[in-house]
Each structure stands twice: as C-alpha cells, then as structure tokens.
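# Coordinates in review
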Amino acid sequence: MKVLVVDDEALVRRSLGRALKAGGHEVFEAADGAAGLEAWRVNDPDLVFLDVLMPGLTGPQVISSYGPRRAKVVLMSAFVGDEAAGDTNHDGADLFLPKPFDDIFVVVKRAEELMK
Amino acid sequence: MPALESSRAQIRWIGDGAPAEAPLDAALVTGAWPSDLLPDADLIVLSGSPPEGELPFLPDDAIPVALISEGLDEKALRRLLNRYPVFRVLENRAVPLGPILDEAIERRRERRERDTVLADFSRRNRELEGLTEELEVAVAERTGTLEASTREEKEKLARERQLIRFLSEISMMNATEEILRVLRRELRRFHRVQSLIVAVGEAGGLTRIHCSQGDRVLHADVSSDGFTGDERSLRQILANRFGRPFNKLMVLPLELHPPSRGLVGVEYSMLGEDEIREISEILNERARATGMTVERLSLEDRLRRFAVRWERTFDGFRDPIAVIDTGMQLLRGNRSFSGAQPARRKCFEIFAGRTEPCEGCPVAGHADSPRDLEGTVKVGRRTYRLRSWPVHEDGTSKVSGRVTSYDDITEARELSLRMLQNEKMSAIGELAGHIAHELNNPLTGIRALAQVLMKEFPAPPLGEDLAHIENAARRCQTIIRHLLEFSRGSNGAVVLARVDEIVEMTLPLLKTALRRHRQEMLLTAGNAKIMVDVHLLQQVIFNLVNNACQAHKETGRVGVATKVVKEGGVDFVELRVIDDGPGISPEIRDRLFEPFVTTKKEGEGTGLGLSTSKAIVERFGGTIRCNSEPGKGAEFILRFPAGGLKGGQA
C-alpha cells in the first residue's frame, strides 16, 4: 500500500520509511505539515503517519485541513498525557501511537492491522 | 511828762502833818492811818509813827509808797520798811512831792506794764500748756492708733504668712486628702467646725466627695447630675452617703475649668457672726489655690491613666517597637522588643544580643537620616522586616531619634521562598519536559533505524553492533521517561508499592552524581510494600542520595539499604541512605529538618529538600531521622509501616 510519513525528524522518516519498505509498501515522505498536506493530495496514500507537533501546521491541523478522507491516519507524538490523547480523539485520527517507539516493526504491524 | 489816766493823779498823805509842797495838778488827800486798808492812790506818803498793832493792809503792792523818815525811830522805820514796798524814803516833809509823784507814777506804769507782760506771759504759757496737752492727747491717740494698726499689721502679716505657707504646701500636694488635711489645720482654732468637705466632679459624670472627719478622710462618689451644690441638697447627699445627719454647711464654690465643678464646705453647729466672717475670709483666700490644685491633681490623674493606657497599648503590640536616639541607644521599647530589660543599651544589644548593629540594618550609620528607612534583619531563627521613622525635635527639622517597628516575616518569607522554590522546580520541570520531548524524537529515530538495520543485517558483527546501538538508545529513552515522570510532578495517587522497586527506579537519575563515588546498595526489603505516592517518595530518595553524594567533596562511599524490621509486633520497612563524608555538627543536626537550613552557601541549593522530605515521609505515616557526628559521616533512616498506614494491614 501507499504510505505517507509526515514528521519533522529526519531519522523518524528514514527509519519508519525503511521499515515500511521492508514490509513491501510504497513510502512517501514530507518534512512538515504543509508539505504533508500537499503530498497527501498529490499521492493519495492509503495510510498517513502524522507527527502531532510540527512547525507550521500540526498533525491535527493537517487532518482537519484535508477534510473528508479515504486514508487511515496514525498520529504519533512524543507528548503523552491526557490532553494529548483527548485532542487526538477529537481530531479524528484512527490510531494514536506514542513516541518513543519500542519496536518499529510493531508500529508497522499495527498500522497494517488498521488497514484490514 | 508820763501820761496819766484821764483823771488827776492822786496823792494820799497818811499820818501826821502835811507836805510842804504839793504838785498843782495832783489831788492831795491827807488823813490818819486807816485801820484795815490803805487806800489806792497814785502815791502814798507815810508820815509819822505808825500806829501800834496790826498795820493796815496795802491792797496792791503796785501802789508806790514813799516814807518820811523824820521823826521815826529805827524800830518804826524798820517796821514800816518790812511791811510795805517803800520805794523812797524822804528826809522830811519839805521834800517837794512833784518829782516823787512823777517817779511814783512812772513806777506804777512800769509796774503795770510789767504786770501786763507777766500776765500776757502767763496767759501765753497757759495757752502753750494747753496746746501741749492737746498735742500730747493727739500723740497719745495717734500712738494708740499706730499701736493698734501695728497689731493689726502683725496679725495681717501672720495671716499672710500662713496663707503663703498654705499656698506653697498645696502646690506640692499629691492627693485631695492632703488638701483637706491642710484646710482642716487652717481652721483648727475654730473648735465648732465639725468637718470639712471638698467635692470635685465633671458635669455629666461623677462627683467625688471627700469629707474630713477627725483624723480620717472619707470618700463617696455621686452622680454629678444629682449633685446641685445648694446647701440643702448637699446636706441630704452627704447624710445619705456618709450615714449620719449633717449640720449647717458653709459652702464656697471652687473656680474650676468647665466641665469640672467643685466646692469646698465647712460643717458647723454654731458659729458667731465674726467667726463665720473669718472662716469665710480664710476659705476665700484659699479658694483659688485649692481650685487650681484640685484641677492639677485631676489632670495628673488623667495623665497617669492615659500614660498607663498608652503603655499598655504600646506593650500590647505584638510586633516589637523600639524608640531609639540617634546613637541607636534604646529610649523605650515595648514588651515584645525588650521585655523587662532596662534601657540604656543599644537596640541591637537588647533585641539581638549582638555587640554590633545587625547585618542588613538600615538604621546603622543613618540613624539621623530624615528619611524613612527599611531593611531586613535576621535575629536567631526569625527574620524581621524593619521600618524606621525619624522623630523630629519640636518644631525643627533636626532628627532627635527614631521609632523602629519590626515585622516578623519569618513564616511569610519561608512561604514565599517555598513558593519561589516551587516555581523554580516547576520551571525546571518544564524545561526538563521540553528537553525530554526534544530528545525523544531523535532517540526514537535512532532506535527504530537500528531495529530496521538489524533486520536487514542480522549477521555479526554488524548485527551485534546494531543491537548495542539499539540498546543504548533504549536506555536513553528509559532515562528520559524517568526524568519526565520525575519532573512532571506527582499525580497524587497513593498506592501500595515495593520500596526496592522505587529505589531502583530512582537511582538511574542519580547516575552522574553517584559516578564519582563508591555506590553500595543493599536492598533486602524484597516484596515488602508501603502505601505511598511513588513519585513523592522518589523525590525524597533522590534528595537524600544527592545530599550524600554532595557531602563528599572528592570521593567517598554512598550507600542505600532497605530492610524489613519488626518493632512492637509491627512490621516496618526501613530505608537508609549512608555516606562517609565529614558528618554534621550537632547544632545543624538538631535543626536539619527545618526549612531553609543549609550547610551550602547562599545561592547553592536551597535547603528545602530535607524539610519537604520529612513532610512527605510523615504524610505517609513514616519517620525520618538522622544520625551523624562530625568526622563520622551521616546516616538518614526512613521508616514506613509495612503494607500501609496501619502497619501490617495490606
């Protein structure tokens, strides 16, 4: 499937991208919210990984800017806390994954399950 | 020719014969010797022998008498000369009488003149005597008057002296009773005066009546409204108050300043008019001085009461207040400032027990400043905010002293420092939080990429190297997680938690601090649990271990040990933090768990840790104590009831 990874941390994009590619998926990358929005519209991915806190548009803002969607959205964030989880629920993500990731492959697996 | 009376001169020829020659302008009468009385004439001539027996009487010895000596024997001559004032003895009758008559008339005239003069003189004398007598009488009168008035003056003087003595005595009196006693003494000689009254009061308030009776002075208070001061009602009131009927009263008002009113009165049974007048005079003379003294006493009394009230108020202030001079010498301090200590010492000697001004005192060196001064000083364990106002000499701008007020801000300061500390802590916490989040991102990346690479290149040595990298990254994440949890603050949950686990969770955070020291851990509490807020206990352990590390300047031993102890049939979990540093002196050790007690210099650390730690420990039913001696390291022992607050119950 086509996966879009939007995160301002290069290492996250690279590692998540590599893990996804190892799983046989096509990966697109974007370094911030605006680029992510553009890449979403252009590439029409099946799955979107969105970092919450990014310069410019935040993850939730990207979600609401895109509007009605076909893709599944996974929000990732280093911020764990009641507020963050609450906001995510309101922001309409399909899955919330807290950073740091224990095992990158588990992340991939959970995302794949989401698509089923 | 001598002047004669209008009638002719008369010559009386007594005795024998007749004159040979007689003056033509004179009347000559001859005759025998009369039997009893010689006649009055201008000239009597005696001729011949006088008769035997009693010779006739010459009526006026001014009548000139001449004598014819012819025919007279010595005896007869002598007899005649003895009897009569003969002025001429004629030889015989032939002597011409003219010149004799002239002479006689002349003599008579002289004699008359002389007599007149004598009479005049006599009269004058008598007059003089009369006048002298009058004068004497007048002098006697005057003398009498003078003596009387001298007596009066003396009496007056005596009275004046007595009055002066009274006035000088009364000016020094300190009580109304004394006034009464002196007045009584002044009236001592009036035996029928029975008692003396002085009444003083304020309109609308109370009137105090003092009554001297014999040696005693009695008092009674009446309402001023009921006290009208007229004799009848006064007697009634006195009878009521003093429990006996009162005789007649002589009353004199005292001139007092309103609203004060007063009177002085004399009780008597019977007095004469004079006595009444005298007594009245005496009282009148003394009324003014008495009134003034009464007013003075009342003022002094009021002043005294005000002074007492001021003193009580002054002493009643909870905050210390001091009145000092420009040399910082204490003039007056309230009880909170100096207690019962005498003044005459410097304020810092009394208040702080120091020999020099307190550090931070704004008054030292500026005691004569005309500005308000503020500062903070520490005395013992208390911190005071000091405010000092200048006191100016009357009417000048020169500063003569200061009033200093001390505000005990110890608790307030602690509170604000605590709040500051909390803010600092939360700021640090926030910072730590931010840093942690920032670190999480790259760490996530490192770990994830390592995992991916491990999948792709599992074979050694690459696979193993990657495993190390991944492990290291994981460890970093753990540390960050702990740090985040630590800095975020407690979520307040009190749970049953294993002590050993809490220690193990906390120690990684102290790795840097422990790096230089020999770390010894002996955790034998096993599964023993205590009811605690995990995060808070972590803070305590962190604090204690951190302190232990900092106790050694270079390197030393830091140990943490846990075990279960049984005491009085109850299980406790004991946690010890031990170091072999320089130890703690007894003075500091006794105050160790007080807030803001620190061995570190100002600016390093805040000393909040131990007091907070104690509060936390005690909140969960635990105890904390410190064993330490200088040179023998320190040991902090925490003890918690095992299983929960009621020890033994899970």
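Residues numbered from 1 in each chain as written. Chains lettered and ligands numbered in written order. Predicted model: local features only at pLDDT ≥ 70, side-chain atom pairs only at ≥ 80, totals over all residues. Heavy atoms only, no water.

All names here are of chain B. Scanning the model with the defined rule gives nine aromatic pairs over all chains in all. Between F242 and F246, the ring centres sit 6.3 Å apart and the planes meet at 45 degrees, which makes this aromatic pair tilted. Comparing F242 with F246, the two get one shared label, buried. A ring pair is formed by F337 and F351, whose centres lie 4.8 Å apart and whose planes are at 5 degrees; its orientation type is stacked. Of this pair, F337 sits in helix α6 (residues 335-338) while F351 is found in helix α7 (residues 347-352), placing the two residues 14 residues apart along the sequence. Comparing F337 with F351, the two get one shared label, buried. The structure contains a cluster of three or more aromatic residues connected by ring pairs, namely F337, F351, Y384 and Y406. (Phe/Tyr/Trp six-rings, centres within 6.5 Å; stacked < 30°, edge-to-face > 60°. Buried < 20%, exposed > 50% of the residue type's maximum accessible area, 1.4 Å probe, protein only. Helix = DSSP H or I, 4+ residues; strand = E, 2+ residues; numbered from the N terminus.)

Residues and elements named next belong to chain B. With respect to the secondary-structure elements, I282 resides in helix α5 (residues 273-316). As for I282 and L183, which are separated by 99 residues in sequence, their C-alpha atoms are 9.4 Å apart. Leave out the neighbours within four places in its chain, and I282 touches E186, L187, R189 and F190. (Contact = heavy atoms within 4.5 Å.)

Residue and element names in this part refer to chain A. Put simply, helix α2 (residues 33-43) and helix α3 (residues 59-66) touch, their axes get as near as 10 Å, and they point 35 degrees apart. In this structure, α2 meets α3 at a crossing whose hand is right-handed. Across the interface between the two elements, G33, L37, W40 and R41 from α2 touch V62, S65 and Y66 from α3. Partitioned by chemical class, the residues of the contact of α2 with α3 number four nonpolar, two polar and one charged. (Axes fitted to C-alpha atoms, helices over the stretch in contact; angles between N-to-C directions. Left-handed = near helix turned anticlockwise from the far one by under 90°. Nonpolar A, V, L, I, M, F, W, Y, C, P; charged D, E, K, R; others polar.)

Looking now at the pairing of strand β15 (residues 399-408) of chain B. Residue and element names in this part refer to chain B. One ladder, built from five bridges, connects strand β11 (residues 321-325) with β15; its direction is antiparallel. Residue I321 lies in a different strand from β15, and its bridge partner there is S405. Two elements, strand β14 (residues 382-392) and β15, share nine bridges in a ladder whose sense is antiparallel. Of the residues in β15, the one forming a bridge with P390 is R402. Counted between consecutive antiparallel strands, the loop separating β14 from β15 contains six residues, among which G395 sits at a positive phi close to 70 degrees. (Pairing = 2+ DSSP bridges.)

Here the focus is the interface of chain B and chain A. Size of an interface, as often reported, equals the accessible area lost when the parts are brought together. Listed by partner, the interface residues are 17 residues for chain B and 18 residues for chain A. Contact with chain A buries area across many residues of chain B, yet H437, N441 and L449 of chain B alone supply 31% of it, more than any other trio. The interface formed by chain B and chain A holds two salt bridges in total. Taken together, chain B and chain A are joined by five residue pairs in polar contact (both at pLDDT 80 or more). Of all the secondary structure elements, the ones that give two or more residues to the side of chain B that touches chain A are α8 (410-456) and α9 (462-488) of chain B. (Buried area = accessible area lost by both parts, 1.4 Å probe. Salt bridge = Lys/Arg side-chain N within 4 Å of Asp/Glu carboxyl O. Polar contact = N/O pair within 3.5 Å; in protein donor to acceptor, adjacent residues only side chain to side chain.)

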